[in-house]
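What the coordinates show
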Amino acid sequence: MRQGLCAAFFLLVFASGVVAEPLASIPNPRIKNGTWVTDMAGALRPETIAQLNQMIGEVERTRGIEMAVVVVRSLDGLTVEDAAEKLFRMWAIGKKGQDNGLLFLWSTGDRKVRVEVGYGLEGTLPDGKVGAILDAYVIPKFKANQFDEGVLSGVETLLGAQRGDPIVLPAVGKSYAIERWRPSGWSLWFWLSGPIALFLTVRSMFRRWRRYRSRKCPQCRTRMVRLSETEDDASLDQGQAAEERVGSVDYDVWKCPSCAYQFTLRYAKWATKYDMCPQCSNRTKWSTETVVERATRHGDGLARVTDQCAFCNYKVEYEKVLPQLTSSSSSSGGGYSSSSGGGSSFGGGRSGGGGASRGY
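Quick summary incoming for the structure in this document. Bear in mind the structure is a predicted one, so any value in this text is a computation, not a measurement.

The rules we used
- Residues numbered from 1 in each chain as written.
- Predicted model: local features only at pLDDT ≥ 70, side-chain atom pairs only at ≥ 80, totals over all residues.
- Heavy atoms only, no water.
- Helix = DSSP H or I, 4+ residues; strand = E, 2+ residues; numbered from the N terminus.
- Buried < 20%, exposed > 50% of the residue type's maximum accessible area, 1.4 Å probe, protein only.
- Contact = heavy atoms within 4.5 Å.
- Areas by Shrake-Rupley, 256 points an atom, 1.4 Å probe, with all protein chains shown as cover.
- Pairing = 2+ DSSP bridges.
- Axes fitted to C-alpha atoms, helices over the stretch in contact; angles between N-to-C directions.
- Parallel < 35°, antiparallel > 145°, perpendicular 65-115°, else oblique.
- Nonpolar A, V, L, I, M, F, W, Y, C, P; charged D, E, K, R; others polar.
- Core = buried A, V, L, I, M, F, W, Y, C linked by side-chain atoms within 4.5 Å.
- Salt bridge = Lys/Arg side-chain N within 4 Å of Asp/Glu carboxyl O.

**Details of the overall build of the protein chain**
- A count of helices and strands for the protein chain gives 10 helices and 11 strands.
- Among the 360 residues that make up the protein chain, the fraction classed as buried is 38%.
- Sequence separation of at least 24 residues holds for 63% of the intrachain contacts in the protein chain that already meet a minimum separation of 6.
- Accessible surface, the protein chain as shown: approximately 20,300 Å² in total, 54% of it carbon and sulfur.

Have a look at this one:
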C-alpha cells in the first residue's frame, strides 16, 4: 500500500513538471501586451525576448510580415505539426489577403521545434529551406543547451530570408528539391506571374507608344510637337494646372509649328488619393478621416471625415459610423478570446501547413 502511494506521488510530481498547455490557454501576445513572444515555459531570458520583439517589430513595420514566437512546456496531446497549424489558424498570423505570417513553436518538454509558414511566404521559405535553416542555425545550439542563442539565430535567419539577405545553408539533398517545387497556391501563382508580368509590360509599352506617338496637324498635316511640362503650363487653365500640381491628372499639349493649331490630351492617374470635386469639377478633392471613438465588439465607432479641395474653397465635414467589430476581426479567430487587455490581434493570415519540424 505504501509503495503504491509513493509511486502515485512521484507520478503526480512528474506530471506537474511537464504540464501540457491547451492551445486555447496560450496567451496571444498581440492581445496580451502588443508584443510578438509568448514564453509559457520561462525558457528565454528577458533580454532575449526583448531582442526578439525588436527584430520582429522592425520587420513588421518595414515589410508587413507578422511572426509569433511561442515556447510551451508540452503540447495538448498533439504533434508539434498539428499544434503549430492549429495555433497559426487560431491566431490568424499574418496580414489578411497577404498571408505573410510565421510561427516559431518550441515545446521544451517534447524537445521539438516547428516553423509554420503562411501561404504568402512559401515562395521564399519552402519547406526544405525552412528545414535547412533549423538544421544549420537552431538545432546545433539547442543540442548544446544554448536555447536563447538558437531561438535568436533561427528567427533572425528566417526574417533575413524575407529581406533577401544572403544565407549560408548546408548542402541539401533531393528531398529539398522535391519539397521546394511541390505544387501550392503560391508556387502556381509564382509561375503564372511570368506571363502576367509580360502582358502588363506589353500593355504599358503600348499605352506609352499611343500617348507619345507622332501626330500630324489635322489642318495643315504638318508634324506636331508635344510641349514640355513647363511649356504646356501656359496652355492649361487654373483647374488643370491644379490637377497636375497635385498629381491626379497629367496633360499633354500638342502644337503645330506651322499653323499654331494645338490641342490638349488628358491622362488621369489611377494611383491617387484625389477625387472629382463637386464644386469645381476638378480632380482635386481629397479626404481625411479621424477616429473619434473606435468600434468594438459591443458597439459601433465614430469617425470625423473632412472633404476639401486643393483648388477651390470646397470643404465639408461630416461624421461617419464605424461598424461594430465581428468576433473574427477583433480576436485571433478559431473561437479564441482573451480577457487580458492591451495590444491588438494579428492581421488575419492563413497557412496551408507549410514549414518544417525538428527534434533535438
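Now that the structure is up, let's keep going.
**Thoughts on the sheet that holds strand β2 (residues 66–72)**
- Read across the sheet, 5 strands follow the order β1-β2-β3-β4-β11 without closing on themselves; strand pairing throughout is mixed. With one partner strand each, in any of the chains shown, β1 (37–39) and β11 (351–359) form the two edges of the open sheet. Each neighbouring strand pair of the sheet contributes to a mean axis angle of 10°, computed without reference to strand direction.
- Each of β3 (101–107), β4 (112–118) and β11 is contacted by helix α5 (residues 127–143), which is oriented at about 30° to β11, the strand it contacts most.

**A word on the side chain of S153**
- Structurally, S153 can be placed in helix α6 (residues 147–163).
- For S153, a relative accessible area of 14% corresponds to the buried category.
- With sequence-adjacent residues up to four places away left out, S153 is seen in contact with Y137 and K141.

**Side note on the packing of helix α3 (residues 46–63) against α6**
- Running from N to C, α3 and α6 point in directions that differ by 10°, and their axes come no closer than 10 Å. Classified by the angle their axes make, α3 and α6 are roughly parallel. Along its contact with α3, which presents T48, Q51, L52, M55, I56, V59 and R63, the element α6 presents D148, V151, L152, V155, E156, L159, Q162 and R163.
- Its residues placed into classes, the contact of α3 with α6 shows 8 nonpolar, 3 polar and 4 charged.

**Re the pairing of strand β6 (residues 249–255)**
- Burial analysis of β6 places 6 of its 7 residues in the buried class, which makes it a mostly covered element.
- Note: β6 against strand β7 (residues 262–268), 7 bridges, orientation antiparallel. Bridged to D252 within β7 is L265.
- The antiparallel hairpin formed by β6 and β7 contains 6 residues in its connecting segment, where A260 sits at a positive phi of about 70°.

**Comments concerning the environment of G118**
- The residue G118 is located in strand β4 in this model.
- A relative accessible area of 0% means that G118 is categorised as buried.
- Each C-alpha atom of the pair G118 and L102 lies 6.1 Å from the other, and the pair is 16 residues apart in sequence.
- Setting aside residues no more than four positions away along its own chain, G118 makes contact with F88, D99, G101, R350 and S351.

**Some points on the nonpolar core**
- Counting 50 residues, the largest nonpolar core has F104 and V155 as the members making the most contacts within it.
- In terms of residues, this core owes the most to one element, helix α4 (residues 80–91), which gives 7 residues.
- F104 has contacts with M67, A68, V69, V70, V113, R114, V115, L134, V138, V151, V155 and L158, leaving out every residue within four places of it along the chain.
- In this structure, L227, V249, Y251 and V253 belong to the second largest nonpolar core, which totals 5 residues.

**Some thoughts on the pattern of salt bridges**
- All chains considered together, the criterion is met by 16 salt bridges.
- For D148, the salt bridge is made with R45, and the minimal N-O distance between the two is 3.4 Å. In this pair, D148 is assigned in helix α6 and R45 in the loop between β1 and α3, connecting sequence segments 103 residues apart.
- In this structure, E243 engages R266 in a salt bridge whose closest nitrogen and oxygen atoms are separated by 3.5 Å. Of the two residues, E243 sits in helix α9 (residues 238–246) while R266 sits in strand β7, which places them 23 residues apart along the sequence.
- Overlapping salt bridges, with partners in common, bring together R45, E47, D148 and E149 in one network.

**Here we look at the sheet that holds strand β9 (residues 301–309)**
- Here 3 strands make up an open sheet; going across it, the order is β8-β9-β10 and the pairing antiparallel. What marks the edges here is a single partner per strand, and that holds for β8 (285–293) and β10 (315–322). The mean inter-strand angle of the sheet, taken between neighbouring strand axes irrespective of direction, is 25°.
- Bridge analysis of β9 against β10 gives 8 bridges, and the strand direction is antiparallel. From the neighbouring strand, L302 faces β10, where its bridge partner is V321.

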